[in-house]
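Chains, contacts and geometry: an overview
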Amino acid sequence: MKIINGTAVNVKWQAPLRPNGPLLFYTVSYDKKEYIPNGGTKILSVLPNITEVVIGALTPFSNYSIKVKVRNSLTVNESKPVTISTKMAGKLHYDYDYY
């Protein structure tokens, strides 16, 4: 995983070496790690020939748990969750007028 900026992360994985049949799809799930529940896990479905996605619209200075699942006609396999920390979204610019 690579943090692109304070609101986006690039998630990349390798296809299974022995998938036990044709792959149907991947799902990438992520949720914000908070003390108060935030409304649940978000899920992206990905075609079986794609092994990389960009997750955007994340909150700066936040922790997220991300997992990838692969599904074929026989089974589902899931990665262990990885926690990432987003940074500041960009430089803040303030204009102050002093009278």
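The coordinates are above.
Structural notes, computed from the coordinates.

Conventions adopted
Residues numbered from 1 in each chain as written. Predicted model: local features only at pLDDT ≥ 70, side-chain atom pairs only at ≥ 80, totals over all residues. Heavy atoms only, no water. Helix = DSSP H or I, 4+ residues; strand = E, 2+ residues; numbered from the N terminus. Buried < 20%, exposed > 50% of the residue type's maximum accessible area, 1.4 Å probe, protein only. Contact = heavy atoms within 4.5 Å. Pairing = 2+ DSSP bridges. Axes fitted to C-alpha atoms, helices over the stretch in contact; angles between N-to-C directions.

So, about the environment of Ser29. Note on placement: Ser29 falls in strand E3 (residues 23–32). Using a relative accessible area of 12% as the deciding quantity, one classes Ser29 as buried. Along the primary structure Ser29 and Ser45 are separated by 16 residues, whereas in three dimensions their C-alpha atoms are 8.8 Å apart. Once residues within four sequence positions are removed from consideration, Ser29 is found in contact with Thr41, Lys42, Ile43, Ser65, Ile66 and Lys67.

Moving on to the sheet that holds strand E2 (residues 8–12). Sheet architecture is open: 3 strands sit in the order E1-E2-E5, paired in antiparallel fashion. Edge positions in the open sheet fall to strand E1 (2–5) and strand E5 (52–55), since each of these has one partner strand only. Between one strand axis and the next, the sheet turns through 20° on average, direction left out of account. In this sheet, E5 lies alongside E2 in antiparallel orientation, the contact comprising 4 bridges. Pairing of Val11 across the sheet is with Val53, part of E5.

Tracing the sequence through the fold places Ser65 in strand E6 (residues 63–72). We classify Ser65 as buried; its relative accessible area is 11%. Not counting residues up to four positions away in its chain, the partners in contact with Ser65 are Ser29, Tyr30, Asp31, Lys33, Pro81, Val82 and Thr83.

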